[in-house]
Amino acid sequence: MAEGAKSMDAIMALCKRRGFIYQASEIYGGINGFWDYGPLGAQLKKNLREAWWQDMIMNPCWGRKGPNGQRVRCVPVETRIVQHPKVWEASGHVGGFNDPMVDCKETKQRYRYDHVSVYVPSSGDAGDKPFFAFMKDSPSETKQLKKAEKAFGQVRTVPLTSMPVTDFAKVLAPDAEKVGSLTEPRQFNLMFKTYIGATASEDDKAYLRPETAQGIFVQFKNVVDTTRVKIPFGIGNTGTSFRNEVTPRNFTFRSREFDQAELEFFCHPSESVEWYKFWRDFRMEWWKSIGLAGENLILREHEKDELSHYSQGTSDVEYRFPFTAPGFGELEGIAHRGDYDLKQHQEHSKTKLQYFDATRGELAPNGQPKGEWYLPHCIEPAAGLDRGVLALICEGYTKDETRPSPEFLKLHPRLSPIKAAVFPLVAKDGMPEVAEKLHAELTEKFWRVGMIDFDEKQSIGKRYARMDEAGTPFCFTIDGQTLQDQTVTVRDRDTGKQDRIGIDKAGQFLVDRLGV
Ligand code: ATP
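Residues numbered from 1 in each chain as written. Predicted model: local features only at pLDDT ≥ 70, side-chain atom pairs only at ≥ 80, totals over all residues. Heavy atoms only, no water.

(A) Structural detail: the pattern of salt bridges. Scanning the model with the defined rule gives 38 salt bridges in all. Note that K45 is salt-bridged to D259, the shortest N-O span being 3.7 Å. Pair noted here: K45 is in helix α2 (residues 39-58) and D259 is in strand β14 (residues 257-267), with a separation of 214 residues, a long-range link. Residue K45 shares its accessibility class with D259, and that shared class is buried. In the salt-bridge network here, residues are joined through shared partners; they are R17, R18, E407 and E469. (Salt bridge = Lys/Arg side-chain N within 4 Å of Asp/Glu carboxyl O. Helix = DSSP H or I, 4+ residues; strand = E, 2+ residues; numbered from the N terminus. Buried < 20%, exposed > 50% of the residue type's maximum accessible area, 1.4 Å probe, protein only.)

Right, here's the structure in full:
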């Protein structure tokens, strides 16, 4: 872990303590790769999904015009986790959705081939010493580095994927004692299998979706035929996806069950590169707008040799998580997918998925275009909601020993699960009644966007600290003066500063600051 990086242990402890994220099935010992959300986490994730839904579907790109000079138009769908198995054959997931793996024969651990790297001498050969393999971002990284530096002095890192398989005999696997325990890379399908119906024979085999995007392509024709959408337009889909990740790790970052928010934006092939650039830039701006600004967020354009054969461009929005620092981890991929998916589904389903565009084609004698049939190109911004939540928590997590509450979560007010808290300074002298009334009024006004908390237990300092850890931007306190002049104190989470405002102004105060 890089120096100065936030402690993942501290962040995970806060997530548990405040009810953001729990281990799934914890009372049974947990289940690897699955995480549940507690009350605050569930609301935070809902707020993130809502923000995506609002800014991508209801008012796409904040009302901005696209490269065609018109407002961006998008519609939603909600498609199922289980689809016809042929969907996954057409999409290439059954044949190709494989991450090659290497097994360690000694420790019985299995690693994703592209996640293993090896320390080798920075010059010359290793002689009779082994190459020291490690998993990126895991304790084996520092452990093996120490050994490698002892053996070779100066070392450099090479990905295992770039080593000839014949050299595996000289590799010391991450936690192994003896060299040469890694197997050759092998393919494993990441899709969860299930059976439809009671008989559970091989003919009934189906899959849990590994992405939400394919549901959009499969319903493309229905959306075109039953609504008035006209190209260019987008279809958004959010929901749960499953991947039987071989090494789930880094808290929720690599889970086996996770939620995605994906858009497929359909456009004419001649305009697709412009739209790709438009979406790539908007998606980066969007993540910044909800609080991931600064040097922890980057847009990484893929090199030409990283691109799929059909793609004219792909970029990733990446966040520097504490466990990837100084490197970055993917939050969202924005891909120019050409007509690959529609073409695949057209071939496999034998259903014409071409679009008739009445605004294009040669001009008829009457001066009107004759129209053009084509397979639209697609731009796909594909975001992960769980990784989004994790990035927001990691970014917001702040430690400041000079504060009475040294740990706090600087969440953007639009995302905060609790929008404000109301406290009677002491639980007597009529203060609880006034506080309860304000709590009820604010709840009535803001329940659509988040919670309003009420708390009269413990000292006021402890109550502030609790709200700081929950990421609550504002706390209103009813004190002796309130009873005399109808003012309350409002405390700001980030500065700890307190001001007095009229109790009747509390609602408007929040409206002005929440961005909701
Ligand atoms: P990775 O290379 O990290 O496995 P990917 O490139 O396979 O990710 P995509 O197929 O592009 O991911 O999926 C889109 C988004 O879905 C990712 O950017 C990520 O936010 C999310 N996602 C993918 N796999 C997982 C996972 N195992 N756990 C949590 N989120 C995931």
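Structure's up, so let's keep going.
(B) View of the site of the ligand. In the vicinity of the ligand there are 15 residues, among which E245, R254, S255, E330 and L331 approach most closely. The backbone of F253 places a nitrogen or oxygen atom 3.1 Å from a nitrogen atom of the ligand. Interatomic distance of 3.2 Å between a side-chain N/O atom of Q260 and an oxygen atom of the ligand. When isolated, the ligand has an accessible area of 590 Å², and the protein chains bury 82% of it. (Near = heavy atom within 4 Å. Polar contact = N/O pair within 3.5 Å; in protein donor to acceptor, adjacent residues only side chain to side chain. Areas by Shrake-Rupley, 256 points an atom, 1.4 Å probe, with all protein chains shown as cover.)

(C) Highlighting the domain arrangement of the protein chain. Assigned domains of the protein chain: these are domain 1 (8-96 + 194-395), domain 2 (99-188) and domain 3 (405-514). Centre-to-centre separation of domain 1 and domain 2, based on C-alpha positions: 34 Å. In this assembly, eight residues from domain 1 lie in contact with seven residues from domain 2. Roughly 650 Å² is buried in total at the junction of domain 1 and domain 2, and carbon and sulfur atoms are behind 48% of that figure. The three residues of domain 1 that bury the most area against domain 2 are V246, T247 and R249, which together make up 65% of that side's buried surface. Inspection of the domain 1/domain 2 interface yields one salt bridge. Across the domain 1-domain 2 interface, the total number found is two residue pairs in polar contact (both at pLDDT 80 or more). Considering only residue class, the side of domain 1 that touches domain 2 consists of two nonpolar, three polar and three charged. (Domains from an automatic or database assignment. Contact = heavy atoms within 4.5 Å. Buried area = accessible area lost by both parts, 1.4 Å probe. Nonpolar A, V, L, I, M, F, W, Y, C, P; charged D, E, K, R; others polar.)

(D) Seen up close, the pairing of strand β16 (residues 313-319). For β16, the tally of buried residues reaches seven of seven residues, placing the bulk of the element in the interior. Of the two faces of β16, the one lined by G313, S315, V317 and Y319 and the one lined by T314, D316 and E318 are each fully buried. In the sheet, strand β15 (residues 297-301) pairs with β16 via five bridges, with the strands oriented antiparallel. Bridged to I298 within β16 is E318. For β16 and strand β17 (residues 329-338), the ladder comprises seven bridges, and the chain directions are antiparallel. Considered in β17, the bridge of V317 is made with E332. (Pairing = 2+ DSSP bridges.)

(E) Fine view of the sheet that holds strand β27 (residues 498-502). What the five strands build is an open sheet, ordered β24-β23-β25-β26-β27; its pairing is mixed. Every interior strand has two partners, whereas the edge strands, β24 (451-454) and β27, have only one. Taken pair by pair, the neighbouring strands of this sheet meet at an average axis angle of 25°, ignoring direction. One ladder, built from four bridges, connects strand β23 (residues 418-424) with β24; its direction is parallel. Across the sheet, the residue bridging to A421 is D453, located in β24. Sheet strands in contact with helix α11 (residues 431-446) are β23, β24 and β25 (474-478), and its direction is about 170° off that of β24. In the packing of helix α14 (residues 506-514) onto the sheet, contacts are made with β23, β24, β25, β26 (487-492) and β27, and the angle to β25 comes to roughly 170°. (Axes fitted to C-alpha atoms, helices over the stretch in contact; angles between N-to-C directions.)

(F) Layout of the side chain of R337. With respect to the element layout, R337 can be found in strand β17. With residues up to four places along the chain from it excluded, the contact list for R337 reads E264, Y310, C378 and E380.

(G) Representation of the packing of aromatic side chains. Summed over the entire model, instances satisfying the criterion amount to 26 aromatic pairs. Ring centres of Y113 and F168 lie 6.5 Å apart, and the angle between their planes is 65°; this geometry places the pair in the edge-to-face category. Highlighted residues: Y113 in the loop between β5 (110-112) and β6 (116-121) and F168 in the loop between β8 (155-159) and β9 (171-172), separated in sequence by 55 residues. For the pair Y113 and F168, one class covers both residues: buried. For the ring pair W275 and F278, a centre distance of 5.4 Å and an interplane angle of 80° mean the geometry is edge-to-face. In this pair, W275 and F278 both sit in helix α8 (residues 272-292), three residues apart, roughly one turn of the helix. Just as W275 is buried, F278 falls in that class too. Here a set of aromatic residues connected by ring pairs shows up, and it is made of W62, F265, W275, F278, W279 and F282. Lying across the ring of W373, K352 places its NZ or CZ 3.7 Å from the centre. Taking the ring centre of F253 as reference, the NZ or CZ of R387 above it sits at 3.7 Å. (Phe/Tyr/Trp six-rings, centres within 6.5 Å; stacked < 30°, edge-to-face > 60°. Lys NZ or Arg CZ within 6 Å of the ring centre and 35° of its normal.)

(H) Summary view of the nonpolar core. If you look at the biggest cluster of nonpolar residues, it comprises 60 residues, and the most contacted ones within it are W279 and W287. Per-element accounting of this core gives the leading share, 10 residues, to α8. Not counting the four nearest positions on each side in its chain, W287 is found in contact with L48, L292, L297, V317, L331, E332, A383, G384 and G388. The next biggest cluster of nonpolar side chains, apart from the first, holds 26 residues, and it includes V120, F131, F134 and V155. (Core = buried A, V, L, I, M, F, W, Y, C linked by side-chain atoms within 4.5 Å.)

(I) Representation of unusual backbone geometry in the model. The residue after I231, namely P232, is reached through a cis peptide bond having omega 5°. The residue P232 is located in the loop between α7 (220-226) and β13 (233-242) in this model. The peptide bond linking A325 to P326 adopts the cis configuration, its omega dihedral lying at 5°. Counting through the fold element by element, P326 comes out in the loop between β16 and β17. Within the chain, W62 stands out as a residue other than glycine whose phi angle is a positive 55°. Take W62: it is sitting in the loop between α2 and β3 (74-76). Residue Q458 is not a glycine yet carries a positive backbone phi of 65°.

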